[in-house]
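What follows is the residue order along each chain.
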Amino acid sequence: SSWAQPAEHQKRLAMSTDRLVELFLQAARGDDDSGQMHEPDQVGIDRAIAHMEMLMTSEEAAQVVAPASTFTLLGMALEEKPRLGR
């Protein structure tokens with residue numbers, strides 16, 4: 001069967017969610033060439049939202065995922081990261 005088992009599906013979903021959070025934070029922090037990571041500010045958060053929107057609404061992504069559900073998943077994942085609010 002081509003369907004993943006529930007545990008395997010959950011593992012893949014967790015890995016995908018972690019990758020979405022990683023991409024969001026990279027864009028929000030504006031990591032520079034020096035390797036320095038900066039704390040996200042409102043400008044960085046806005047930049048990350050725009051970056052993720054471009055990524056998820058591309059023609060390639062539209063064939064694979066629904067942007068609204070992916071944004072919901074990203075939002076839920078960010079809420080689960082307690083240190084992001086500090």
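Scroll up to find the structure.
For clarity, every value in this text was computed on a predicted model and none was experimentally measured. (Residues numbered from 1 in each chain as written. Predicted model: local features only at pLDDT ≥ 70, side-chain atom pairs only at ≥ 80, totals over all residues. Heavy atoms only, no water.)

Visitor: What should I look at first to understand helix 4 (residues 67–79) in this one?
Guide: Three or four residues apart is the spacing at which side chains of an α-helix point the same way, because the helix has 3.6 residues per turn. For helix 4, built from 13 residues, the straight-helix expectation of 18 Å at 1.5 Å per residue is met to within 8% by its first-to-last C-alpha distance of 18 Å. Among all positions in helix 4, only T70, L74, A77 and L78 are buried. Each buried residue of helix 4 sits inside an arc of 100 degrees when the element is viewed along its axis, so together they form one side. Exposed and oriented more than 90 degrees from the buried face of helix 4 are A68 and E79. Contacts made by the buried residues of helix 4 are with helix 1 (6–29) and helix 2 (42–56). (Helix = DSSP H or I, 4+ residues; strand = E, 2+ residues; numbered from the N terminus. Expected span 1.5 Å × (residues − 1). Buried < 20%, exposed > 50% of the residue type's maximum accessible area, 1.4 Å probe, protein only. Arc of directions from axis to C-beta. Contact = heavy atoms within 4.5 Å.)

Visitor: Quick question: what am I supposed to make of the packing of helix 1 against helix 2 here?
Guide: A pair of packed helices can be characterised by two numbers: the angle between their axes and the separation between those axes. At a closest axis distance of 7 Å, the pairing of helix 1 and helix 2 adopts a crossing angle of 135 degrees. With respect to their mutual orientation, helix 1 and helix 2 come out oblique. Note on packing geometry: the crossing formed by helix 1 with helix 2 is right-handed. Contact with helix 1, carried on its side by L20, L23, F24, A27, A28 and R29, involves G44, I45, R47, A48, I49, H51, M52 and L55 of helix 2 and no other residues of that element. Across the contact of helix 1 with helix 2, the residue classes tally to 10 nonpolar, 2 polar and 2 charged. (Axes fitted to C-alpha atoms, helices over the stretch in contact; angles between N-to-C directions. Parallel < 35°, antiparallel > 145°, perpendicular 65-115°, else oblique. Left-handed = near helix turned anticlockwise from the far one by under 90°. Nonpolar A, V, L, I, M, F, W, Y, C, P; charged D, E, K, R; others polar.)

Visitor: For this particular structure, what's the right way to read the environment of T57?
Guide: Among the structural elements, T57 can be located in the loop between helix 2 and helix 3 (59–62). Judged by relative accessible area, which is 47%, T57 ranks as partly exposed. Residues T57 and A68, spaced 11 residues apart in sequence, show a C-alpha to C-alpha distance of 9.6 Å. A distance of 2.5 Å separates a polar side-chain atom of T57 from the backbone oxygen of E53. (Polar contact = N/O pair within 3.5 Å; in protein donor to acceptor, adjacent residues only side chain to side chain.)

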